[in-house]
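Spelled out from the first residue to the last, the chains are:
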Amino acid sequence: MFCWTEVGAQHAGIVQSLIVTCRLHGIDPYTDLVDVLQRVGQHPAARVAELTPRLWKQHFAANPLRSTLHGLTV
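What you see is a predicted model, and the numbers here were worked out from it, not measured in a lab.

**A closer look at helix α1 (residues 6-24)**
For α1, with 19 residues, the first-to-last C-alpha span of 27 Å sits near the 27 Å given by 1.5 Å per residue. Positive backbone phi, at 70 degrees, marks Gly26, one or two positions downstream of α1.

**Notes on the side chain of His43**
Looking at where His43 falls in the secondary structure, it is placed in the loop between α2 (29-39) and α3 (53-59). Polar contacts involving the side chain of His43 include one to the main-chain carbonyl oxygen of Arg47, which spans 3.0 Å. Not counting residues within four places of it along the chain, the set of residues in contact with His43 comprises Val48, Glu50, Leu51 and Phe60.

**So, the side chain of Asp35**
Looking at the secondary structure, you find Asp35 in helix α2. Here Arg39 takes part through its side chain, which lies 2.6 Å from a polar atom of the side chain of Asp35. Apart from residues lying up to four places away in sequence, Asp35 is in contact with Trp56, Phe60, Pro64 and Leu65.

About the cut-offs
All residue numbers refer to position in the chain's written sequence, counted from 1. Per-residue local features are limited, in this predicted model, to residues with pLDDT of at least 70; the limit for side-chain atom pairs, both in listing and counting, is 80 or more; totals at the level of whole chains, interfaces and linings are taken over all residues. Excluded from the side-chain calculation are hydrogens and water; included are all heavy atoms of the structure. Labels follow the DSSP assignment, with helices taken as runs of H or I lasting at least four residues and strands as runs of E lasting at least two, numbered in each case from the N terminus. How far a helix is expected to stretch is found by multiplying one less than its residue total by 1.5 Å. We call two N or O atoms a polar contact when they sit within 3.5 Å, provided that within protein one can donate a hydrogen and the other can accept it, with sequence-adjacent residues counted only if both atoms are side-chain atoms. The contact criterion used throughout is that any non-hydrogen atoms of two residues lie within 4.5 Å.

Written out as structure tokens, the structure is:
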């Protein structure tokens, strides 16, 4: 509703869908996104489905990759 362009609205919808899907599977969306963005470059394209929230939880949730900012306090 408040996106400047149709493409912007589509991208906002994708991000919102990802967040809701993570929550439905009991996953912290921030943890999932940080981990997936770090893995996507070296993850085999044939196994890209493993990076979806449901399968990510099975394969990677126990030991997610973290941001270098994780645990820092202000």
